[in-house]
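What the coordinates show
Listed below, chain by chain, are the residues.
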Amino acid sequence: MNDISDGIFAKPLTFPIYQTSSYVVPGGEKYRYSREYNPTVENVGLKIKAMEHAEAYNAFSSGMGAITTTVLSLIHPGDRALIHLDTFARSYHFFTEYLRSWGVKIDVADPGTDNIIKSIKNDTKLVFIESLSNPILRVNDIKAISEKCRETGSLLIVDATFSTPVNIHPLDLGADIVIHSASKFISGHNDAIAGFAAGREDLIEKIDNMRRTLGTSMDPNTAFLVNQGIKTLELRMERINKNANIIAHELQDSGNVKNVIYPGLDNHPDHEIALKYMNGFSGVVDFEIQGDVEKFFKNLKNVVPANTLGGINTIISNPFTMSHRSLNESELKILNVNKKFMRLSVGIENPDIIIKDLLSAASATD
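In this report, the structure presented in the accompanying data block is examined. What you see is a predicted model; the values in this text were computed from it and never measured.

Judged by nonpolar contacts, the single largest core of 75 residues is most densely connected at Phe287, Phe296, Ile316 and Leu358. Sort the elements by how many residues they give to this core and helix α9 (residues 233–253) lands first, with seven residues. Residue contributions to this core reach at least three from each of two domains, namely domain 1 (39–228) and domain 2 (233–364). The residues contacting phenylalanine 287, other than those within four sequence positions of it, are Leu251, Val257, Lys258, Asn259, Val260, Phe296, Ile316, Lys340, Phe341, Met342, Leu344 and Leu358. Counting residues in each nonpolar core, the second largest holds 35 residues, with Ala66, Phe94, Ile179 and Leu203 among its members.

This is the structure in structure tokens:
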């Protein structure tokens, strides 16, 4: 009996899930095995390629899968790489622990564009930065850093998870590769773990070969969910950008929290860079509470404490005990991340509800 795939009965409105491990041969060079290529994954990858103005793309099982596979494809023992301290802690440890143990020379820059540029050496092979740093929200000047990389022949990889393709296009500013943890704003519903890399075709070809070897490939069910999220990405980010800006200004003017950090605030150290290169200031706001953290979390009614970000609902985390708990005391001190430091991922709700919830919970801890 022939399978229904032998004939086309209808054209689906939503791209279907190709739930198959392999394909009937001979069927061409491309589709042999779904670890290598899958139509559902390819469909969503092509959208990222277009959004990032890239020559090529690759899709991965997670954001860290995208980072590790990309970097392992482009660097070798004996090479020199640069990362800055204020990055996602798992990325930081991949460079400073794993790659160092593998024989790669790793330099670590303090936060800020000037420190990054000063740390790029003539033999630096690869520079890895975040467009908007995690967790302290420094806005790195991708154009200035890319110009320095061109002088030294260094490859520039930009993790743009926090900013998204809606707010900035690193490749247009000179980056060689842009990376996303699509688990966050891109999918936007806290229901998928996924990653992307996009950029120069010659580099993506190397990364693609490594992905197929390491097996860090995106699965079709995840690709379907990410594709559904991408359909509303621009609309969601427009609302999230607006909400975060309102919330940051309100928190700054209140007496219940302190040290509010947001690129849209005039007192942010990189406010001018953000104005120059970003279409919006994105959806993450940092601040410090003055009372007990556990009590603060328990008093929240609408904001959800969780170790993630980028969903349609507002989520709050404490990097000191969550995302950056593995950093040592001196590293946390440089970042000014303490036990009271909060990272708020703003959603699409009415911002007044979020502001009231945060301030009420903060005042109840005094």
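Moving on, we come to the environment of leucine 332. Topologically, leucine 332 is positioned in helix α12 (residues 329–335). Note on leucine 332: relative accessible area 7%, which makes it buried. Considered as a pair, leucine 332 and alanine 144 are 188 residues apart in the sequence and their alpha carbons are 27 Å apart. For leucine 332, the residues in contact, after removing those within four places along its chain, are Phe320, His324, Leu327 and Val337.

For sheets, the rule is that strands pair by backbone hydrogen bonds, running either parallel or antiparallel. Sheet architecture is open: seven strands sit in the order β1-β7-β6-β5-β4-β2-β3, paired in mixed fashion. For this open sheet the edge positions go to β1 (56–60) and β3 (105–109), each flanked by a neighbour on one side alone. Pairs of neighbouring strands in the sheet enclose a mean axial angle of 20°, with direction left out of account. Across five bridges, the pairing between strand β6 (residues 177–181) and strand β7 (residues 195–199) is antiparallel. In the sheet register, valine 178 faces β7, and the bridge partner there is alanine 198.

Conventions we followed
- Residues numbered from 1 in each chain as written.
- Predicted model: local features only at pLDDT ≥ 70, side-chain atom pairs only at ≥ 80, totals over all residues.
- Heavy atoms only, no water.
- Core = buried A, V, L, I, M, F, W, Y, C linked by side-chain atoms within 4.5 Å.
- Buried < 20%, exposed > 50% of the residue type's maximum accessible area, 1.4 Å probe, protein only.
- Helix = DSSP H or I, 4+ residues; strand = E, 2+ residues; numbered from the N terminus.
- Domains from an automatic or database assignment.
- Contact = heavy atoms within 4.5 Å.
- Pairing = 2+ DSSP bridges.
- Axes fitted to C-alpha atoms, helices over the stretch in contact; angles between N-to-C directions.

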